[in-house]
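Notes for the structure review
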Amino acid sequence: VLERKAPTVSLSSKFLNCNSIDWMATGPVFDHIICDPDFAVSVDRLSSNSDSAKDGVIQTSVDNSLSDLYLFLARAYACVKPQGFLVFFYDLDHHEKLMARALACGWLVQRWPIIWHKPDFRSNGAPQHNFCKNIEYAMVCRKPSSTLAAVQMSSVFSIPVGDTPKSFNHPFAKPVALWQKIYSAVATPGQSVFDPFMGSGSACVAAIRSGLDAHGCELSPDHYANARLNITAEYRKTLGDSVIFQ
């Protein structure tokens, strides 16, 4: 009887504590990049008004970090395979600028965003003037020869926030179910997906759960430490307690 070999996961090569945009210049290649960049976001208008909200965004100013997002679009194009997708969340204020820059990099861009509807969340700093905000937006970019993994009948995903920020210990962690919905639209099991701004790892957990080859980077040492904990826990659930981490 052959002894079954314990599965091995190389955490040190798949999940990095570094500046992802710098690292992307070294030439890694993935099937898809799916992420929530912490650039060009107005901290003053974030859904959470606590001090922890600012801890989730690493930038000096919206204008300065918008240039980082432009560089990210170019580097992402070089890192994604010919039939791949880039899907990223963004501030609607920058829609036309980001679309123009993505097109200039070579991406084909869906003219309308994916909308994440949060049925259990509402934010409004001036309810006497504004409708409440319970949506976020993601831009869909693709290489010219790419096609969706499955036809999508809606661009609106209605998925609760739930206890995600608490369970992942990050103010802006997005639900695993949301990431899985996006993955199921563009990726097939076994493909590689990269999250350059993985925070505490909810997108990577979703990728593992979806049978994808998960990779990620995170600049903050604290968020990276949380991500490692969440990712190793998910691998143990998926592969068993005998999994060996390297």
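The structure under discussion appears in the preceding block.
Residues numbered from 1 in each chain as written. Predicted model: local features only at pLDDT ≥ 70, side-chain atom pairs only at ≥ 80, totals over all residues. Heavy atoms only, no water.

A short note on the overall build of the protein chain
Formally: Strands here are runs of E lasting at least two residues and helices are runs of H or I lasting at least four, both read from the DSSP assignment and numbered beginning at the N terminus. The cut-offs for exposure are 20% and 50% of the maximum accessible area for each residue type, with area from a 1.4 Å probe on protein chains only; residues under the lower value are buried, those over the upper are exposed, and the others partly exposed. Contacts: residue pairs with any heavy atoms within 4.5 Å of one another. Residue-level accessible areas treat just the shown protein chains as cover; the underlying method is Shrake-Rupley with a 1.4 Å probe.
Broken down by element type, the protein chain carries 9 helices and 11 strands. Classification of the 246 residues of the protein chain by burial places 47% in the buried group. For the protein chain, restricting intrachain contacts to residue pairs at least 6 apart in sequence, the fraction spanning at least 24 positions comes to 73%. Counting only carbon and sulfur atoms, one obtains 53% of the accessible surface of the protein chain, whose full area is about 12,400 Å².

A look at the packing of aromatic side chains
Rule in force here: Any two rings among Phe, Tyr and Trp, with Trp reduced to its six-membered ring, count as a pair given centres within 6.5 Å; such a pair is stacked if its planes are under 30 degrees apart, edge-to-face if over 60, and tilted if neither. Counting as a charge over the ring demands two things of the Lys NZ or Arg CZ atom: a distance within 6 Å of the ring centre and an angle within 35 degrees of the ring normal.
For the structure on display, the rule yields 10 aromatic pairs. One aromatic cluster is present, built from ring pairs that chain together Phe39, Phe72, Phe88, Tyr90 and Phe197. Across the ring face of tryptophan 116, the terminal group of lysine 118 is positioned such that the distance to the ring centre comes to 4.9 Å. Sitting over the face of the ring of tryptophan 107, lysine 143 holds its NZ or CZ atom 6.0 Å from the ring centroid.

What about helix H7 (residues 176-186)?
Residues Val176, Leu178, Trp179, Ile182, Tyr183, Ala185 and Val186 constitute the buried set of H7. Residues of H7 that are buried make contact with strand S3 (32-35), strand S4 (85-90), strand S6 (114-117), strand S8 (156-158), strand S9 (192-195) and helix H8 (202-209).

Here's the deal with the pattern of salt bridges
When the charged atoms of two side chains lie near each other, side chains of opposite charge can form a pair. To keep things clear, this is the line we draw: A side-chain nitrogen of Lys or Arg and a carboxyl oxygen of Asp or Glu constitute a salt bridge if their distance falls within 4 Å.
Applying the stated criterion across every chain yields a total of 6 salt bridges. One salt bridge connects lysine 14 with aspartate 213, and the closest N-O pair in it is separated by 2.4 Å. Highlighted residues: lysine 14 in helix H1 (residues 11-14) and aspartate 213 in strand S10 (residues 213-217), separated in sequence by 199 residues.

Notes on the packing of H8 against helix H9 (residues 221-239)
Any two packed helices are characterised by the angle at which their axes cross and by the distance between the axes. Just so we agree on the cut-off: In this analysis an axis means a line fitted to C-alpha atoms, helices contributing only their contacting stretch, and an angle means the value between N-to-C directions, from 0 to 180 degrees. Convention used here: angles under 35 degrees read as roughly parallel, angles over 145 as roughly antiparallel, angles from 65 to 115 as roughly perpendicular, and any remaining angle as oblique. Left-handed describes a crossing whose near helix is turned anticlockwise from the far helix through less than a right angle; right-handed describes the clockwise counterpart. By the convention adopted, Pro, Cys, Tyr, Trp, Phe, Met, Ile, Leu, Val and Ala count as nonpolar, Lys, Arg, Asp and Glu as charged, and the other residues, Gly among them, as polar.
As a packed pair, H8 and H9 sit with axes 9 Å apart at the nearest point and diverge in direction by 15°. Taken together, the axes of H8 and H9 are roughly parallel relative to one another. Seen along the crossing, H8 lies across H9 with a hand that is right-handed. Facing Cys204, Val205, Ile208 and Arg209 of H8, the residues of H9 in contact are Asn230, Ile231, Glu234, Tyr235 and Thr238. Residue composition of the contact of H8 with H9, by class: 5 nonpolar, 2 polar and 2 charged.

Describing the pairing of S3
Condition: Pairing between strands is defined by DSSP: at least two bridges between the two strands are required.
Judged by which residues are buried, S3 turns out to be covered on both faces: His32 and Ile34 on one side and Ile33 and Cys35 on the other are all buried. Where S3 meets S9, 2 bridges bridge the pair, whose relative direction is parallel. Bridging across to S9, isoleucine 33 finds its partner in phenylalanine 194. As defined by bridge partners, S3 adjoins S4 across 3 bridges and the pair is classed as parallel. Across the sheet, residue isoleucine 34 finds its bridge partner in S4, namely valine 87.

Remarks on helix H5 (residues 95-105)
For clarity, the cut-off: Directions are taken from the helix axis to each C-beta atom, and the arc is the one they span.
Along H5, the positions that sit buried rather than exposed are His95, Leu98, Met99 and Ala102. Within H5, the buried residues cover an arc of 100° as seen down the axis, which keeps them to one side. Across from the buried face of H5, at angles greater than 90 degrees, the exposed residues are Glu96 and Ala104. Glycine 106 occupies a position one or two residues after H5 and carries a positive phi of about 115°.

Observations regarding unusual backbone geometry
Excluding glycine, most residues fall at negative phi; most peptide bonds, likewise, are trans. One non-glycine residue, asparagine 169, lies in the positive phi region at around 55°. As for its placement among the helices and strands, asparagine 169 is situated in the loop between helix H6 (164-167) and H7.

What to know about the environment of methionine 198
Of note, methionine 198 is situated in the loop between S9 and H8. C-alpha of methionine 198 to C-alpha of serine 220: the two residues are 22 residues apart in sequence and 9.8 Å apart in space. Aside from chain neighbours lying at most four places away, what touches methionine 198 is Phe15, Leu16, Cys204, Gly216, Cys217, Glu218, Tyr224, Ala227 and Ile231.

Let's talk about the environment of cysteine 18
Relative to the helices and strands, cysteine 18 resides in the loop between strand S2 (15-16) and helix H2 (20-24). Counting along the chain gives 199 residues from cysteine 18 to cysteine 217, while the straight-line C-alpha distance between them is 6.2 Å. Cysteine 18 has contacts with Trp23, Cys217, Glu218 and Leu219, leaving out every residue within four places of it along the chain.

Concerning the nonpolar core
We apply this condition: Take the buried Ala, Val, Leu, Ile, Met, Phe, Trp, Tyr and Cys residues and link them wherever side-chain atoms come within 4.5 Å; each set so joined is a nonpolar core.
Of all hydrophobic cores here, the largest spans 39 residues; its most connected members are Phe15, Trp179, Tyr183, Ile231 and Tyr235. Where this core is concerned, the elements lending two or more residues are S4, S6, strand S7 (135-142), H7, H8 and H9. The element contributing the most residues to this core is H7, with 7 residues. In contact with isoleucine 231, not counting residues within four places along its chain, are Leu11, Phe15, Met198, Cys204, Val205 and Ile208. Listed in part, the 29 residues of the second largest apolar core include Phe30, Cys35, Phe88 and Phe197.

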